[in-house]
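# Fold and contact review
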Amino acid sequence: MISYKLLAEQALAEGVQKLAAGTVVRDQQGRVLMLRRKQDDVLPGLWDYPAGYDKGS
């Protein structure tokens, strides 16, 4: 498994300014969890996978 620290260091060295992650969450019936973006967010109302970013980077 690749370490987060190594990936972050490589990305930042290449000029990446913000690190983010997303995931697909499925249940036993194969349904996928989707979240709807808030109206005051980027791309308001869009359905998206659970994701986030490191506000400190």
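Remember, predicted model here, so these are calculated numbers, not experimental data.

Cut-offs applied
Residues numbered from 1 in each chain as written. Predicted model: local features only at pLDDT ≥ 70, side-chain atom pairs only at ≥ 80, totals over all residues. Heavy atoms only, no water. Salt bridge = Lys/Arg side-chain N within 4 Å of Asp/Glu carboxyl O. Helix = DSSP H or I, 4+ residues; strand = E, 2+ residues; numbered from the N terminus. Patch = residues over 30% accessible without salt bridge, like charges linked within 9 Å, V, L, I, M, F, W, Y side chains within 5 Å. Areas by Shrake-Rupley, 256 points an atom, 1.4 Å probe, with all protein chains shown as cover. pLDDT = per-residue confidence, 0-100. Buried < 20%, exposed > 50% of the residue type's maximum accessible area, 1.4 Å probe, protein only.

Our focus in this paragraph is the pattern of salt bridges. The final tally for this structure, using the stated rule, is three salt bridges. The closest approach of N and O atoms between Arg37 and Asp48, which form a salt bridge, is 2.9 Å. Highlighted residues: Arg37 in the loop between β2 (35-36) and β3 (47-48) and Asp48 in strand β3, separated in sequence by 11 residues. Connected through shared salt-bridge partners, Arg37, Asp41 and Asp48 make up one network.

It is worth spelling out a nonpolar patch on the surface at this point. On the surface, Ile2, Leu6 and Leu7 cluster together into a nonpolar patch covering about 280 Å² of accessible area. Within the secondary structure, Ile2 sits in the segment before α1 (4-13).

On to the confidence of the model for the chain, then. When the pLDDT values of the chain are averaged, the result is 87; 95% of them are 70 or greater. Least confident of the elements in the chain is strand β4 (residues 51-53), whose mean pLDDT is 84; most confident is β2, at 94.

Our focus in this paragraph is unusual backbone geometry. The backbone of Leu43 sits at a positive phi, close to 55°, despite the residue not being glycine. On the secondary structure map, Leu43 appears in the loop between β2 and β3. Classification of Leu43 by relative accessible area gives exposed; the value is 52%.

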